[in-house]
Amino acid sequence: MQPTNPTAAEPTLPPPPPEKPPQTFLDLITSVLSILLVSSLTVRSFIGRWQVLHAKLTSLQSSVSLLSDSPHWSQNPLLHTLLPSILSTLQRLHSLCNQSSLSSFNGGKLLFQSDLDIASSSLSNHLHDLDLLLKSGVLHQSNAIVLSNPGPSSTEEELGFYIRDLFTRLQIGGVEFKKKALDSLLQILNEKSASLVAKEGNVAYLISLLDFNNNNHRLIQEQAVLAVSILASASDEARKTVFEQGGLGPLIRILDSGSMSLKEKAAIAVEAITSDPDNGWAILAYGGVSVLIEVCRSGSEAARTHAVGAIRNVAAVDDIKMAIAEEGGVSVIVNLLVSNSSTNAAREKAADCAAVMASSGEYFRTLIIKERGLHRLMDLIQSLPNSDTLEHVLRVISSLSISESVSKTLSASTLFIIRLGDFIRQGNLILQQISVTLLASLTISDGNKRAIEGCVASLLKLIEMPKPAGLQESATVALVNLLTVKSNKKELVRDEKCLMKLIQMLDPKNEFVAKKFPVMVVAALISGGSGECRKSLLAAGAHQHLQSLAEMEVAGAKKALQRLAGNTLKNILSRTWRELH
């Protein structure tokens, strides 16, 4: 007896020509769905799979109904490819349903199960795409508005609608749709709408395209990397979205194995993401330290600049700091800092990173010194213009000077001492502060003290400055050290402006300077029997102020007063003795 086919009398459903209008496809889909919803309940084979398929078909029927109720659904270009694809899947299911409805199944079961699973997966994808379209709201607006690029006068609502449409086309359409959508997205991002893109767009899907490594469609990955890079760099909100949607991992993978162009864009994004200190831990989690160091070692100029910027951003994290050292990163950073081929930006970031490392402990300072870091940095400050890079380099040297051997090397270098003097006289406030602190800690020869006598006036002026904290004390210590040389003392008292400034600082009414600092300067000037300095101080009115400060019990004031007055009494007695004899 031949097996019967309960649906044998049903009409065959040939695929429609591709030029049919959307409404024709929708009518055919509705018709096939009605048939499948009934016939899938009467199958005799693979019943469990068909139960799952029946649920999906029911969902599809609901989505198709919502689609047909949308006022502008037929104008959406995505449906020109989506509807034929859905119909093709349904027709395939119709054929499989006919076979499953036979009283006995004689075909290859494994192959048939595979066909069912493939059709079921396609159906899930169609449901996902339809759901995206329906939720985006793009089917409720005219095609002319949806696809046109909003102009400068567009409202935020219109722009948000456009962005949602872009991401819908990006997710549902084929390769050409994705390329066009990404082109439009990049245009929107370049018009500084990144925060709205982060809010309205599916950034997670955009990030998934970073792993789109189809050789035939490499442009999609390149566009996606550029879009993510712009997003991450645009604003705090956009950067946070990129990170929270899992952007760092794919970006690190691109840095590790992508093309040079992709690495440059990925490095920009990684530097931006790591600018948030709370994201630093993720660099270790994704194995990013070694990858970033390798980019610094062998990447293009642009990639190296942003990679060392990312390292600088996370270098303060203890675990990452150790990982940098263990991966040989200290050597790479020092080389990048002193290399003539490095960009100014790369040098500045490398210098900042080296400063962080140098201030972190003896272990890291030793690593820098082993790389001949001290001498290379001393050479570098002779050629660098006044800049942020110079400030960071000087911070590194200052941190290294904690070592006794380094301190001796710095103290003995006349070129270095002269450069410090230049910074004190002509540098910005930060350079002055670092230089003064360094100078105060070094033990330099009288010859080197004479070499920088030109910064005596600048040091005295810095004693007047209450901020930054510690500057007044460092400037006082440095100046007192220079005043052990007679020529430097004479330099100060012969400069009328400097002398008057010192006297003003001694005045008890002057509340901007702690009185112990000018008292220390006066004591240094009159030590060693300098008659010219005593005469100048007395003539300028120092005696009266010192007397008041001694009565106020300011540290050192009484002793300084005694020296100044004692010498005056001695001169009077000597002159009286000569007159009597």
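Keep in mind the model is a prediction, meaning the values are calculated, not measured.

What counts as what
- Residues numbered from 1 in each chain as written.
- Predicted model: local features only at pLDDT ≥ 70, side-chain atom pairs only at ≥ 80, totals over all residues.
- Heavy atoms only, no water.
- Helix = DSSP H or I, 4+ residues; strand = E, 2+ residues; numbered from the N terminus.
- Phe/Tyr/Trp six-rings, centres within 6.5 Å; stacked < 30°, edge-to-face > 60°.
- Buried < 20%, exposed > 50% of the residue type's maximum accessible area, 1.4 Å probe, protein only.
- Core = buried A, V, L, I, M, F, W, Y, C linked by side-chain atoms within 4.5 Å.
- Arc of directions from axis to C-beta.
- Contact = heavy atoms within 4.5 Å.
- Polar contact = N/O pair within 3.5 Å; in protein donor to acceptor, adjacent residues only side chain to side chain.
- pLDDT = per-residue confidence, 0-100.

1. What about unusual backbone geometry?
So, point 1. A cis amide bond links Lys467 to the next residue, Pro468, at an omega of 0°.
So, point 2. Its identity is not glycine, yet Phe46 carries a phi of approximately 55°, on the positive side.
So, point 3. Mapped onto the fold, Phe46 is located in the loop between helix H1 (22–39) and helix H2 (47–69).
So, point 4. The phi dihedral of Glu553 falls on the positive side, at around 60°, and the residue is not glycine.
So, point 5. Its location among the elements puts Glu553 in the loop between helix H33 (542–551) and helix H34 (557–580).

2. Looking at the packing of aromatic side chains
So, point 1. Evaluation of the coordinates by the stated rule reveals three aromatic pairs.
So, point 2. Relative to Trp281, the ring of Phe243 lies with its centre 6.2 Å away and its plane at 80°, an arrangement referred to as edge-to-face. Residue Phe243 is located in helix H11 (residues 236–244), and its partner Trp281 is located in helix H14 (residues 280–285); the two are separated by 38 residues in the primary sequence.
So, point 3. Geometrically, the ring pair formed by Tyr363 and Phe364 is edge-to-face, given 5.1 Å between the ring centres and 75° between the ring planes.
So, point 4. By relative accessible area, which is 42% here, Tyr363 ends up partly exposed.
So, point 5. Phe364 gets classed as buried once you look at its relative accessible area, which sits at 6%.

3. A word on the nonpolar core
So, point 1. In this structure, Leu206, Leu231, Phe416, Leu492 and Leu537 are the most contacted members of the largest nonpolar core, which totals 146 residues.
So, point 2. Broken down by element, this core gets its largest block of residues, eight residues, from helix H10 (residues 218–234).
So, point 3. Phe46, Leu78, Leu82 and Leu127 belong to the second largest nonpolar core, which has 35 residues in total.

4. Overview of helix H30 (residues 496–506)
So, point 1. Looking at H30, one finds that the buried residues are Cys498, Leu499, Leu502, Ile503, Met505 and Leu506. The arc that holds every buried residue of H30, seen down its axis, measures 160°, which confines them to one face. More than 90 degrees from the buried face of H30, the exposed residues found are Glu496 and Lys497.
So, point 2. Packing partners of the buried residues in H30 comprise helix H27 (456–463), helix H29 (486–494), helix H31 (516–526), helix H32 (531–540) and H33.
So, point 3. Between the side-chain oxygen of the N-cap and the backbone nitrogen of Lys497 there are 3.1 Å, and the N-cap of H30 in question is Asp495.

5. Observations concerning the confidence of the model for the protein chain
So, point 1. With 89% of its residues at a pLDDT of 70 or more, the protein chain shows a mean pLDDT of 85.
So, point 2. Predicted confidence in the protein chain is weakest over helix H5 (residues 143–147), with a mean pLDDT of 42, and strongest over helix H13 (residues 260–274), with 96.
So, point 3. Every residue in residues 1–18 scores below 50 in pLDDT, and together they form 22 contacts with partners more than four places removed in sequence or on other chains.
So, point 4. When the criterion is pLDDT under 50, residues 572–581 qualifies, and its contacts beyond four places in sequence or with other chains add up to zero contacts.

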